[in-house]
2 protein chains.
Amino acid sequence: MADDDSAQLWKLNQRLLTRVMNAAEPQLAALGIETKEFFVLDEVDTCRYPAELAAKLMLPKASITTYLRNLVAAGLVRREIDEGDLRRHRLATTPRGREVLERALAALAGEFTTMMSRLDAHERAEFRRTLLKLLDTGSDVEGDRRGP
Amino acid sequence: MADDDSAQLWKLNQRLLTRVMNAAEPQLAALGIETKEFFVLDEVDTCRYPAELAAKLMLPKASITTYLRNLVAAGLVRREIDEGDLRRHRLATTPRGREVLERALAALAGEFTTMMSRLDAHERAEFRRTLLKLLDTGSDVEGDRRGP
DNA sequence: GCGCACTAGTTCGGTTTGGAACTAGTTCAG
DNA sequence: CTGAACTAGTTCCAAACCGAACTAGTGCGC
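Residues numbered from 1 in each chain as written. Chains lettered and ligands numbered in written order. Predicted model: local features only at pLDDT ≥ 70, side-chain atom pairs only at ≥ 80, totals over all residues.

## Thoughts on the overall build of chain A
Thinking step 1. Along chain A, the regular secondary structure elements total six helices and two strands.
Thinking step 2. Scanning chain A from its N terminus toward the C terminus, one meets helices and strands in the order α-α-α-α-β-β-α-α.
Thinking step 3. Classification of the 148 residues of chain A by burial places 30% in the buried group.
Thinking step 4. Of all intrachain contacts in chain A linking residues separated by at least 6 positions in sequence, the fraction that spans at least 24 positions is 55%. (Helix = DSSP H or I, 4+ residues; strand = E, 2+ residues; numbered from the N terminus. Buried ≥ 20, exposed ≤ 12 C-beta atoms within 10 Å, placed from the backbone. Contact = placed C-beta atoms within 7 Å.)

Right, dumping it as structure tokens:
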């Protein structure tokens, strides 16, 4: 019910995300990565293949290719041949990649935490539960659609 | 506390937004507007001037110019001279603009509500309260930084 | 009533993005 | 074995984006 309500919520949420994103950006730049690249780097160890990254991050394959190119050029990620399926590129973070990721997360943590510290532990837990509920189930249509 | 926690939350939220955005897009396209243009159209009556829109939506001025150009070309928004300050363009939605906006909101409401209906009234209220809390106060650094 | 510092909005042009076409590898039916 | 129908990842290039330079208008101090 209350359609305007939902729309309003969406806009609020949108604005929140944008704000945190903007705050985080310069910090990541200092580490030599773009925000988008950070997302990729952050998922490389979970999603071992470009196609998986594309699905998880809801970004087009072409964009993943671009961000990976940069990460590889920067020596943060390695592409290796996947023995089981020669079409695929198995991905792995390099030690340097792990280090940069760690620092990036630490830097971001500052921003996140600053923002999130307005909530007490209970509220934060509740917020997370709500987000998970919203994201759950059927909606995993995934695909080649654009994301962040 | 729990930095990973915050980061995790942020990612979840990011994903949620992306998903709704993607679901909404074709509906708006059917009405002849882009998602970004919708945001602008939606705020025109609140933010009567391009500069205000840029601040509110956290988008660069150049982008606002572009989206407005399209909206004006589509006959949804009018630019008029502001008597008080001739540098400014007073904006107004046309009747057609109002109609399209209404339909767009209705279309979006479907998506929003589908997503939000997983929450009961209480949860939704709580969620809103949390978002508002997160967005409140000092963070209004605003500026010419990029947004949605 | 002029110069200077300022703000509103647009234009310009380099960068980023991502849809579509492509190449390489797989799988399976005949 | 082929070869047709797939999937993984890349390349290509047109469109979208947006920082910076610009033009037009304001308003203050002198």
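## Looking at the interface of chain A and chain B
Thinking step 1. Listed by partner, the interface residues are 39 residues for chain A and 39 residues for chain B.
Thinking step 2. For the side of chain A that touches chain B, the secondary structure elements donating two or more residues are helix 1 (3-30), helix 5 (95-116) and helix 6 (121-135) of chain A.
Thinking step 3. At 15 residues, the largest contribution of residues to the side of chain A that touches chain B is made by helix 1 of chain A.
Thinking step 4. Partitioning the side of chain A that touches chain B into residue classes produces 21 nonpolar, nine polar and nine charged. (Nonpolar A, V, L, I, M, F, W, Y, C, P; charged D, E, K, R; others polar.)

## Considering the relation of the copies chain A and chain B
Thinking step 1. It takes a turn of 180° to lay chain A on chain B, together with a shift of 0.0 Å along the axis; the resulting RMSD is 0.0 Å. Seen this way, the second copy is the image of the first under a two-fold rotation axis. Ranked by how close their C-alpha atoms come to the rotation axis, the residues of chain A are headed by phenylalanine 127 of chain A, at 3.3 Å. (Least-squares fit on C-alpha atoms with pLDDT ≥ 70 in both.)

## Focus on the nonpolar core
Thinking step 1. Counting 70 residues, the largest nonpolar core has Val40 and Leu41 of chain A together with Val40 and Leu41 of chain B as its most contacted members.
Thinking step 2. Apart from residues no more than four positions distant in its own chain, leucine 41 of chain A is found in contact with Ile33, Leu71, Leu76, Val77, Thr93, Gly97 and Leu101 of chain A. (Core = buried A, V, L, I, M, F, W, Y, C linked by C-beta atoms within 7 Å.)

## Observations concerning the confidence of the model for chain A
Thinking step 1. This prediction gives chain A a mean pLDDT of 85; 88% of its residues lie at or above 70.
Thinking step 2. Note on residues 137-145 of chain A: pLDDT under 50 across the span, and seven contacts to partners over four residues away in sequence or across chains. (pLDDT = per-residue confidence, 0-100.)

## Looking at the protein's contact with DNA strand C
Thinking step 1. The local shell around DNA strand C holds 21 residues, among which Pro60, Ala62 and Leu86 of chain A together with Ala51 and Ala62 of chain B are the closest.
Thinking step 2. The dominant element in the surface near DNA strand C, judged by the number of residues it contributes, is helix 4 (residues 61-73) of chain B, at four residues.
Thinking step 3. Split into classes, the residues belonging to the surface near DNA strand C amount to nine nonpolar, four polar and eight charged. (Near = placed C-beta within 6 Å.)

## Topic: the packing of helix 3 (residues 50-57) of chain A against helix 4 (residues 61-73) of chain A
All names here are of chain A.
Thinking step 1. Where helix 3 contacts helix 4, the axes come no closer than 9 Å and their chain directions differ by 115°. As judged from the angle between their axes, helix 3 and helix 4 are roughly perpendicular. Helix 3 and helix 4 meet at a crossing whose hand is right-handed. Of the residues in helix 4, those touching helix 3 at Pro50, Ala51, Leu53 and Ala54 are Lys61, Ile64, Thr65 and Leu68.
Thinking step 2. Residue classes in the contact of helix 3 with helix 4 are distributed as six nonpolar, one polar and one charged. (Axes fitted to C-alpha atoms, helices over the stretch in contact; angles between N-to-C directions. Parallel < 35°, antiparallel > 145°, perpendicular 65-115°, else oblique. Left-handed = near helix turned anticlockwise from the far one by under 90°.)

## Structural notes on helix 2 (residues 35-43) of chain B
Thinking step 1. Of the positions making up helix 2 of chain B, those classed as buried are Glu37, Phe38, Val40 and Leu41 of chain B. Axial view of helix 2 of chain B: buried residues confined to an arc of 165°, hence all on one face. (Arc of directions from axis to C-beta.)

## Observations regarding the protein's contact with DNA strand D
Thinking step 1. In the vicinity of DNA strand D there are 20 residues, among which Tyr49, Ala51 and Ala62 of chain A together with Ala62 and Leu86 of chain B approach most closely.
Thinking step 2. Those elements that provide at least two residues to the surface near DNA strand D are helix 3 and helix 4 of chain A together with helix 4 of chain B.
Thinking step 3. In terms of residue count, the dominant contributor to the surface near DNA strand D is helix 4 of chain A (four residues).
Thinking step 4. Among the residues forming the surface near DNA strand D, the class breakdown is nine nonpolar, three polar and eight charged.

## With respect to unusual backbone geometry
Thinking step 1. In this model, methionine 58 of chain A sits at a positive phi of 55°, which is unusual for a non-glycine residue.
Thinking step 2. Residue position: methionine 58 of chain A is located in the loop between helix 3 and helix 4.

## Here we look at the packing of helix 6 of chain A against helix 6 (residues 121-135) of chain B
In a pair of packed helices, the angle between the axes and the distance between the axes together describe the arrangement.
Thinking step 1. For the pair helix 6 of chain A and helix 6 of chain B, the least separation of the axes is 10 Å and the interaxial angle reads 120°. It follows that helix 6 of chain A is oblique to helix 6 of chain B by the angle criterion. Read as a crossing pair, helix 6 of chain A and helix 6 of chain B show a hand that is left-handed. Residues Glu123, Glu126, Phe127 and Thr130 of chain A of helix 6 of chain A pack against Glu123, Glu126, Phe127 and Thr130 of chain B of helix 6 of chain B.
Thinking step 2. Here the contact of helix 6 of chain A with helix 6 of chain B is composed, by residue class, of two nonpolar, two polar and four charged.

## A word on the environment of threonine 94 of chain A
All names here are of chain A.
Thinking step 1. On the secondary structure map, threonine 94 appears in the loop between strand 2 (89-93) and helix 5.
Thinking step 2. A residue is classified by how many C-beta atoms lie within 10 Å of it, and threonine 94, with 15 of them, is partly exposed.
Thinking step 3. Separated by 78 residues in the primary sequence, threonine 94 and leucine 16 have C-alpha atoms spaced 33 Å apart.

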